[in-house]
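Working through the structure, step by step
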Number of protein chains: 2
Amino acid sequence: MKISELSRRAGVPVASIKYFRREGLLPAGRATAATLAEYGEEHVQRLRLIKALTTLGGLSIAATRDVLTAVGEAHTTDGKLGAISYALPVPVADSPVADSAQDAADQAAAETEVADLIAAMDWQTPDASPHVRGLTEALKALRRVDADYRPGELAAYAALANSIARLDLERAATFGDDAEAVAERAVIVFALSAPVLELLRRLAQEDQVRRRVAERGDALS
Amino acid sequence: MKISELSRRAGVPVASIKYFRREGLLPAGRATAATLAEYGEEHVQRLRLIKALTTLGGLSIAATRDVLTAVGEAHTTDGKLGAISYALPVPVADSPVADSAQDAADQAAAETEVADLIAAMDWQTPDASPHVRGLTEALKALRRVDADYRPGELAAYAALANSIARLDLERAATFGDDAEAVAERAVIVFALSAPVLELLRRLAQEDQVRRRVAERGDALS
DNA sequence: GGTGCTAGATAGTGGCAGTATCCAACAGGG
DNA sequence: CCCTGTTGGATACTGCCACTATCTAGCACC
């Protein structure tokens, strides 16, 4: 199909398609002439995936490219899974500098806490994993804003995260035959489960709040 | 303290403090003269909270203002909790228009699915809740990108989300005396647990991938 | 009484995600 | 064979966001 039809099929403006191609998110069509190219179903699907990752997944164009590149480059299924996981952005920026002694102490405390948690969960993750560093940064940020924050609470969340990850992997690696299909599914599961889960959590929170109101009736403030 | 000291204490440039004040995120200091104001500890804490919400929580300035406003406006503890929850942005944009019959069918299917889930979980959430609408949109987006997506899988995630929400509420409503303190804690729990949980999920995923590699040894691609 | 900091207003910056415009090169129909 | 319409590719422009910088006066404090 021509680009105009691709645009209609995927619901994406032609100019945006060109933009995605420029940015390396979408492979070029098969050129049939100097100024004409043929696109296929895989382009439609890719565009749908791009839209889902950017809107629902909240990924930037650069992050989306990284994820899609990771899918294409790794050669084993597990390699792809790992690459996707690492390519997904974490919402934590590295803190600027650890100049003061206080900062260094915070850093060390957070590192210990993360290491303890990983040991307690018996997680097999390398210290160099971006997720480990991300979690360390996140804990430092939490501590800065909430002095009362109790580290022990993390363990309960970690146990639930473990259950979630098990579900994720079951969904992602369902059919282990076609590495490409697994990878695309894994992208969807890894990148798009988060917002869905977050929404479910909000719904459950809302329910919890209502239940507490009902329980306490007309009580306090 | 003067604004320059506030800046040093919170690690935020003076220009940014002025910006936050302009945008309604930070209350003005107590004016001691036409060109001088006095700031207190509450301003330091507020700035820390703003930084945490924007960097770790990923909230925009506008969303941060909405959340902080919600905390200040509602008068009951439960009202505050609800207001905060609703003020937090969901990562799902409303789909543009439901013009075609296909879109209408998708919408109806997603709505049914969400309603069934809520019924199955016995969640007490109004149909008009933004979270319900957000979840509906998210499911539509998922369906568009993944035809194989199986609705049943949602239930398992919902159950886990429920456990998470219970933890959240326990943390948020620990001390029920000071409505203001509860509200600030709730903001932290509601807005900042998500990235931490996501990081934990990524770590657990990484662990799962490694375990599967080890299990299968040298097996397949 | 001068130096330095301040409030408040306004303007500028850099990055991101598109969107628009141009041009030359064809394709396909009449 | 020619003419209209579309395309690829390049470049420029736009709108939004989150700051950041500059400017003008007016005090505060030593």
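Up top is the structure.
These remarks concern the structure in this document. If you're wondering where the values come from, they're calculated on a predicted model, not measured in any experiment.

1. Notes on the pattern of salt bridges
Residue and element names in this part refer to chain B. On inspection of all chains with the given rule, the structure shows 26 salt bridges over all chains. Ionic pairing is found between Arg9 and Glu41, a salt bridge with its closest N-O pair at 2.9 Å. In this pair, Arg9 sits in helix H1 (residues 3-10) while Glu41 sits in helix H3 (residues 41-56), placing the two residues 32 residues apart along the sequence. Given a relative accessible area of 47%, Glu41 falls into the partly exposed group. Put simply, Arg210 and Glu206 hold a salt bridge, and the shortest N to O gap is 3.4 Å.

2. Concerning the environment of Arg30 of chain A
Residues and elements named next belong to chain A. By the element assignment, Arg30 lies in strand S1 (residues 30-33). The spacing of Arg30 and Asp103 is 73 residues in sequence and 55 Å in space, taken between C-alpha atoms. Once residues within four sequence positions are removed from consideration, Arg30 is found in contact with Leu36, Ala37 and Glu38.

3. Side note on the packing of helix H7 (residues 130-145) of chain A against H3 of chain B
Packed helices, taken two at a time, are described by their axes: the angle between them and the distance between them. In the contact formed by H7 of chain A and H3 of chain B, the axes pass within 9 Å of each other and the chain directions differ by 155°. Comparing the axis directions of H7 of chain A and H3 of chain B gives the class roughly antiparallel. Judged by the twist between their axes, the crossing of H7 of chain A over H3 of chain B is left-handed. Across the interface between the two elements, Ala138, Ala141, Leu142, Arg144 and Val145 of chain A of H7 of chain A pack against Gln45, Arg48, Leu49, Ala52 and Leu56 of chain B of H3 of chain B. Of the residues assigned to the contact of H7 of chain A with H3 of chain B, the class counts are seven nonpolar, one polar and two charged.

4. Thoughts on the relation of the copies chain A and chain B
Least-squares fitting of chain A to chain B yields an RMSD of 0.1 Å, with the transformation described by 0.0 Å of translation along the axis and a rotation of 180°. In short, the pair behaves as if placed about a two-fold rotation axis. Considering only C-alpha atoms, the residue of chain A closest to the rotation axis is Leu160 of chain A, which sits at 3.3 Å. A shared binding surface is used by both copies, with 99% of the interface residues of chain A retained as interface residues in chain B.

5. Here's the deal with the protein's contact with DNA strand C
For DNA strand C, the set of nearby residues contains 21 residues, the closest of which are Ser16, Ala34 and Ser60 of chain A together with Ser4 and Leu36 of chain B. Among atoms of DNA strand C positioned within 4 Å of the protein, sugar and phosphate together represent 73%. In the model, a base oxygen of DNA strand C is placed 3.3 Å from a nitrogen or oxygen of the Arg22 of chain A side chain. Between DNA strand C and Ile61 of chain A there is a distance of 3.3 Å, counted from a phosphate oxygen to a backbone nitrogen or oxygen.

6. Considering the packing of aromatic side chains
Residue and element names in this part refer to chain A. With the rule as written, the count across this model stands at two aromatic pairs over all chains. Aromatic side chains Tyr19 and Phe20 sit 5.8 Å apart centroid to centroid with 40° between the ring planes, which places their arrangement in the tilted category. Residue Phe20 is classed as buried on the basis of its relative accessible area of 10%.

7. Brief notes about the protein's contact with DNA strand D
DNA strand D sits among 21 residues. The nearest are Ser4 and Lys18 of chain A together with Ser16, Ala33 and Ser60 of chain B. The sugar-phosphate portion of DNA strand D accounts for 67% of its atoms within 4 Å of the protein, the bases making up the rest. Contact distances for DNA strand D include 3.1 Å between a phosphate oxygen and a side-chain N or O atom of Ser16 of chain B. Breaking the surface near DNA strand D down by element, the ones donating at least two residues are helix H1 (3-10), helix H2 (14-22) and strand S2 (36-38) of chain A together with helix H2 (14-22) of chain B. Its residues placed into classes, the surface near DNA strand D shows 12 nonpolar, five polar and four charged.

8. Focus on the side chain of His43 of chain B
All names here are of chain B. With respect to the helices, strands and loops of the structure, His43 is situated in helix H3. Here His43 falls in the buried class, since its relative accessible area comes to 4%. Apart from residues lying up to four places away in sequence, His43 is in contact with Leu6, Leu26, Pro27, Ala28 and Gly29.

9. Focus: the packing of helix H6 (residues 101-121) of chain B against helix H7 (residues 130-145) of chain B
Residues and elements named next belong to chain B. Running from N to C, H6 and H7 point in directions that differ by 125°, and their axes come no closer than 9 Å. Between H6 and H7, the interaxial angle falls into the category oblique. In this structure, H6 crosses over H7, and the sense of that crossing is right-handed. Only Val132, Leu135, Thr136, Glu137, Leu139, Lys140 and Arg143 of H7 make contact with H6, whose side of the interface consists of Asp106, Gln107, Ala110, Glu111, Glu113, Val114, Leu117 and Ile118.

10. Side note on unusual backbone geometry
Even without glycine at this site, Asp122 of chain A takes up a positive phi of about 55°. Considering the arrangement of structural elements, one finds Asp122 of chain A in the loop between helix H6 (101-121) and H7.

11. As for H6 of chain A
Residue and element names in this part refer to chain A. Taking 1.5 Å per residue as the helical rise, H6 with its 21 residues ought to reach 30 Å, and the 30 Å between its terminal C-alpha atoms agrees with that figure. Turning to H6, its buried residues number three or more, namely Ala110, Glu113, Val114, Leu117, Ile118 and Met121. The buried residues of H6 all sit within an arc of 130° when viewed along its axis, so they share a single face. Opposite the buried face of H6, at more than 90 degrees from it, the exposed residues are Ala101, Ala119 and Ala120.

12. Things to note about the interface of chain A and chain B
Interfaces are often sized by the amount of accessible area the parts lose when they come together. Tallying the contact residues gives 84 residues for chain A and 84 residues for chain B. Buried surface at the junction of chain A and chain B, both sides included, amounts to about 8,000 Å², of which 64% is carbon and sulfur. Applying the counting criterion to the chain A and chain B interface returns 27 residue pairs in polar contact (both at pLDDT 80 or more). At the level of secondary structure, the elements contributing two or more residues to the side of chain A that touches chain B comprise helix H3 (41-56), helix H5 (77-87), H7, helix H8 (153-172) and helix H9 (179-216) of chain A. For the side of chain A that touches chain B, the element with the highest residue contribution is H9 of chain A, accounting for 28 residues. Among the residues making up the side of chain A that touches chain B, the classes are represented as 45 nonpolar, 18 polar and 21 charged.

About the cut-offs
- Residues numbered from 1 in each chain as written.
- Chains lettered and ligands numbered in written order.
- Predicted model: local features only at pLDDT ≥ 70, side-chain atom pairs only at ≥ 80, totals over all residues.
- Heavy atoms only, no water.
- Salt bridge = Lys/Arg side-chain N within 4 Å of Asp/Glu carboxyl O.
- Helix = DSSP H or I, 4+ residues; strand = E, 2+ residues; numbered from the N terminus.
- Buried < 20%, exposed > 50% of the residue type's maximum accessible area, 1.4 Å probe, protein only.
- Contact = heavy atoms within 4.5 Å.
- Axes fitted to C-alpha atoms, helices over the stretch in contact; angles between N-to-C directions.
- Parallel < 35°, antiparallel > 145°, perpendicular 65-115°, else oblique.
- Left-handed = near helix turned anticlockwise from the far one by under 90°.
- Nonpolar A, V, L, I, M, F, W, Y, C, P; charged D, E, K, R; others polar.
- Least-squares fit on C-alpha atoms with pLDDT ≥ 70 in both.
- Near = heavy atom within 4 Å.
- Polar contact = N/O pair within 3.5 Å; in protein donor to acceptor, adjacent residues only side chain to side chain.
- Phe/Tyr/Trp six-rings, centres within 6.5 Å; stacked < 30°, edge-to-face > 60°.
- Expected span 1.5 Å × (residues − 1).
- Arc of directions from axis to C-beta.
- Buried area = accessible area lost by both parts, 1.4 Å probe.

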